[in-house]
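Structural overview for review
Here's the letter readout for the chains.
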Amino acid sequence: MNQNWSNGYVADLTYSHGYYHELSPPFIRFFLLLNGYANAGDGSPYHYCELGYGQGVSANLHAAANPRGRFWGTDFQPDHALFAQQLAAQAGLEADWMALGFEQLLDEDLPAFDFITLHGVWSWIHAAGHHAVVEFIRRKLKVGGVVYLSYNVMPGWSAEKPLRDLLWMHSEQAGAAGASTATRIRGALAFAERLRRAKAGYFEHNSKASQMLDDMQRDDVHVVAHEYFNRSWHLSYFADVAASLEAAGMSFACSLHRSDLLGETMQRNRQGELSGLGLSPALQQTTHDFLLNRRFRRDVFVRGASRLPPGLRDERVKEVALVLMRPAAAIGSTVQTPYGTVTLDATLTRRLAAALEAAQGPRAIGQLIEEADLVSAKLERVIETIAALVAQGHACPVFADDARHAHEGRARAMNRAIATRARFDNSLRYLASPVTGQGHEASRSDRLFLDAWEQGARSAAELAAAVQPYRAVLADDLAAPAGAHDLSALESRAAEFMDAVVPLWRRLGLIEEALA
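Described in the following lines is the structure provided in the data block. (Residues numbered from 1 in each chain as written. Predicted model: local features only at pLDDT ≥ 70, side-chain atom pairs only at ≥ 80, totals over all residues. Heavy atoms only, no water.)

1. Focus on the overall build of the chain
Condition: Secondary structure elements are defined from DSSP: runs of H or I of at least 4 residues count as helices, runs of E of at least 2 residues count as strands, and each element is numbered from the N terminus. Within these notes, the globule rule equals 2.2 Å times the number of residues to the 0.38 power, and the radius of gyration is based on C-alpha atoms. Accessible area is worked out with a 1.4 Å probe on protein chains only. A residue is then buried under 20% of its type maximum, exposed over 50%, and partly exposed in between. When checking whether two residues touch, look at their non-hydrogen atoms; a contact exists if any pair is within 4.5 Å. For every accessible area listed, the method is Shrake-Rupley and the probe measures 1.4 Å; residues are considered covered only by the protein chains on display. Residues scored as positive are Lys and Arg, those scored as negative are Asp and Glu, and His as well as the terminal groups of each chain are ignored. The atoms used to mark charge sites are NZ of Lys, CZ of Arg, CG of Asp and CD of Glu.
When helices and strands are tallied, the chain shows 24 helices and 16 strands. Computed over C-alpha atoms, the radius of gyration of the chain comes to 24 Å, within 12% of the 24 Å expected from 2.2 N^0.38 for 516 residues, which places it in the range of a compact globule. Its C-alpha atoms put the chain at 60 × 60 × 50 Å along the principal axes. Considering the chain as a whole, with its 516 residues, one finds that 54% of them fall into the buried category. Pairs at least 24 apart in sequence give 78% of the contacts found in the chain among residues at least 6 apart. On the chain, roughly 21,600 Å² of surface is accessible, and the fraction owed to carbon and sulfur atoms is 50%. Taken as two groups, the 50 positive and 58 negative side-chain charges of the chain have centres that lie 2 Å from each other.

Spelled out as structure tokens, the structure:
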């Protein structure tokens, strides 16, 4: 047996430093509200736990940006836990990042949680792990609490699953004794490539499998290891996952999959005349996966549904603010998805984006509707358009109860730590916003400019001079001709930072005028 796996999970390669905004409390809460749920929305302090936090990037950013919450999490890999703990310590963040397996976690003295989240983990753990997760939810999730769960789903993997199984088989049976996981993976990929060059019928008749092989050969081996080479690589149907969670008293609330938030799924549902058939929720969601040939789900389950009357739901939606994330001119009404094209209402999209841009900061949706001259428009159509803007990252929701506590968090200290780290490596690419409660991507040059800003630089010339010692690591960001990475190129990039990035970062609370 390969000793590089621990209980079926890759143990000798660490996970990537990715960030996943769907795990953030405000994002989950917003779409629960749009779907008529009041769960996790009473404005009081809350407890949050992420199971399998990887390097702890999302966990730390969310803990820093959401001071109303107290954050816990676990990941069985000590290297992951150590990185997460050190990042928290650098930001002075109080959070409990443990290094325990899910079975061990059951014996810990922990509080009851309002949020429990898992990204991808369900697909990568064995049956005992599934049981431990469900049992943890049963024991530790509050009544009214929320679970976010993302996982691989059928039927979208039907064409590629045989390739993954072949690669796994090769890594186990043909890899050199004692070889590292990375070596085994590279050998398995080379073997599959030999098959493809031999015009194996499987590849000749499965273009998606061939594309998957191309993607795996391009991707970082750390990502490939954790995505595809866990022994317990588990594919589910939605109905099976929902049935498992029923044992913990959970019921499905809504999907956070982009195609669902954009309305693409329901559009296909109507085209196929599948509405009104009286399907159970489990069968309905499974049917949606077949409509899209979906391979990954992002679901929210609740333990006891706190449903709002339609009128009260509308009033609460109007109280939520939105903040614009990019220029209105860059926001279109046609959206490409992995499954096709979604066309939004062009008039609503244009007016909402323009009103948000004019606001120059968070604006309550009710007020936004007035300023966009949309009072006479059907509210549900307006809300659908807003949902699409948020789903695409064009806007972010801001709750009043979160805004009142934004100054109490450690977002600025976290961002300082991340900006300082940009001098030496490029692994942490997101900053924590105390306004949105989410992480937002920042280029390496912008993170270095933030580092200089925190030290007092306020002009393009000052920023460029401060960053000049690190210009060698900014070749991709500067995009200048060979030999042109001098102070003038940095000043040009710094001017762009001042003109385009600083105004946005002010809206997001990422920078302050006061000197550090």
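That shown, we press on.
2. What to know about the sheet that holds strand 6 (residues 113-119)
Heads up, the condition is: We treat two strands as partners when DSSP finds at least two bridges between them. For helices, the fitted line uses only the C-alpha atoms of the stretch in contact; every axis is such a line through C-alpha atoms, and the angle between N-to-C directions lies from 0 to 180 degrees.
Pairing is mixed in the open sheet, where seven strands are placed in the order 5-4-3-6-7-9-8. In this open sheet, the two strands that pair with only one neighbour each are strand 5 (96-98) and strand 8 (251-255). Recorded for the sheet is a direction-independent mean angle of 20° between the axes of neighbouring strands. The sheet contact formed by strand 4 (residues 69-74) and strand 5 spans three bridges and is parallel. Within strand 5, the position partnered with Trp72 by the bridge is Asp96. In the packing of helix 11 (residues 238-246) onto the sheet, contacts are made with strand 7 (141-152), strand 8 and strand 9 (296-302), and the angle to strand 9 comes to roughly 30°.

3. A few points about the sheet that holds strand 13 (residues 363-364)
Pairing is antiparallel across the open sheet formed by three strands, whose spatial order is 13-10-14. Two strands in the sheet have a free side with no partner beyond their single neighbour: strand 13 and strand 14 (395-398).

4. Brief notes about the state of the cysteines
This is how it is decided: To count as a disulfide, a pair of cysteine sulfur atoms needs to be within 2.5 Å.
As enumerated under the stated definition, the model contains zero disulfides in all. As a non-bridged cysteine, Cys396 has Cys254 as the owner of its nearest cysteine sulfur, 17 Å distant.

5. Re empty space enclosed by the protein
Put simply, the rule is: Two kinds of site are reported from a 1 Å grid over the protein atoms alone, namely cavities, where a 1.4 Å probe fits but cannot get out, and pockets, open sets with protein on both sides within 12 Å along at least five of seven lines, and residues are called lining when an atom falls within 4 Å of a point. Grid points are joined across faces, edges and corners, and a volume is the space filled by probe spheres set on the points.
Applying the stated criterion across every chain, the model contains three cavities of 30 Å³ or more. With three residues, the single largest contributor to the lining of the largest cavity is helix 1 (residues 25-34).

6. Thoughts on the environment of Phe229
Here Phe229 is to be found in the loop between helix 10 (221-228) and helix 11. Overall, the relative accessible area of 1% leaves Phe229 in the buried class. Considering only alpha carbons, one finds Phe229 and Ser171, 58 residues apart in sequence, at a separation of 8.5 Å.

7. Observations regarding helix 2 (residues 57-65)
By the criterion of burial, helix 2 is predominantly enclosed, with nine of the nine residues buried. Taken together, the buried positions of helix 2 are occupied by Val57, Ser58, Ala59, Asn60, Leu61, His62, Ala63, Ala64 and Ala65.

8. Things to note about the packing of helix 7 (residues 181-197) against helix 9 (residues 207-218)
The test is simple: By convention, the crossing between two helices is left-handed when the near helix turns anticlockwise from the far helix through less than a right angle, and right-handed when the turn is clockwise. Ten residues, namely Ala, Val, Leu, Ile, Met, Phe, Trp, Tyr, Cys and Pro, are considered nonpolar, four, namely Asp, Glu, Lys and Arg, are considered charged, and the remaining ones, Gly among them, are considered polar.
Viewed as axis vectors pointing N to C, helix 7 and helix 9 meet at an angle of 145°, and their least axial separation amounts to 11 Å. The hand of the helix 7/helix 9 crossing is left-handed. Here Leu189, Ala192, Glu193 and Arg196 of helix 7 come into contact with helix 9, specifically with Ser210, Leu213, Asp214, Met216 and Gln217. Residues belonging to the contact of helix 7 with helix 9 are distributed by class as follows: four nonpolar, two polar and three charged.

9. Considering the environment of Gly175
For Gly175, the position within the fold is in the loop between helix 6 (161-173) and helix 7. Here Gly175 falls in the partly exposed class, since its relative accessible area comes to 24%. Sequence separation of Gly175 and Gly276 is 101 residues, and the distance between their C-alpha atoms is 53 Å. Sequence-distant contacts of Gly175, defined by excluding residues within four places in its chain, comprise His170 and Arg184.

10. As for the packing of aromatic side chains
We count it as follows: A pair of aromatic rings is counted whenever rings of Phe, Tyr or Trp (Trp by its six-membered ring) have centres within 6.5 Å, and the orientation is called stacked for planes under 30 degrees apart, edge-to-face for over 60 and tilted otherwise. Charge-over-ring contacts are defined here by two conditions on Lys NZ or Arg CZ: a distance within 6 Å of the ring centre and an angle within 35 degrees of the ring normal.
For the structure shown, the criterion picks out 20 aromatic pairs. On the numbers, 5.7 Å between centres and 75° between planes, the contact of Phe252 with Phe301 is edge-to-face. Of this pair, Phe252 sits in strand 8 while Phe301 sits in strand 9, and the two are 49 residues apart along the sequence. Their ring planes at 85° and their centres at 5.4 Å tell us that Phe497 and Trp505 sit as a pair that is edge-to-face. When sorted by exposure, Phe497 lands in the same class as Trp505, which is buried. If you follow Arg29 out to its NZ or CZ, it ends over the ring of Phe399, 3.9 Å from the centre.

11. Section: the packing of helix 21 (residues 444-454) against helix 22 (residues 460-467)
Worth spelling out the cut-off: Angle categories are assigned with fixed cut-offs, so that under 35 degrees is roughly parallel, over 145 is roughly antiparallel, 65 to 115 is roughly perpendicular, and the rest are oblique.
In the contact formed by helix 21 and helix 22, the axes pass within 9 Å of each other and the chain directions differ by 110°. Judged by the angle between their axes, helix 21 and helix 22 are roughly perpendicular. Where helix 21 approaches helix 22, its residues Leu448, Phe449, Ala452 and Trp453 are matched on the opposing element by Leu463, Ala464, Ala466 and Val467. When its residues are assigned to classes, the contact of helix 21 with helix 22 shows eight nonpolar, no polar and no charged.

12. Describing the pairing of strand 11 (residues 334-337)
Here strand 11 shows one buried face, formed by Val335 and Thr337, and one open face, formed by Thr334 and Gln336. Examined bridge by bridge, strand 11 and strand 12 (residues 340-343) share four bridges and lie antiparallel to one another. Bridge pairing in strand 12 places Thr334 opposite Thr343. Between the end of strand 11 and the start of strand 12, which pair antiparallel, lie two residues.

13. Here's the deal with the nonpolar core
How we decide: For the purposes of this section, nonpolar cores are sets of buried Ala, Val, Leu, Ile, Met, Phe, Trp, Tyr and Cys residues that join through side-chain atoms within 4.5 Å.
The biggest cluster of nonpolar side chains holds 107 residues, and the ones touching the most others in it are Phe30, Phe31, Leu32, Val300 and Trp505. Grouped together as the second largest cluster of nonpolar side chains are 32 residues, Phe113, Trp122, Leu149 and Ala242 included.

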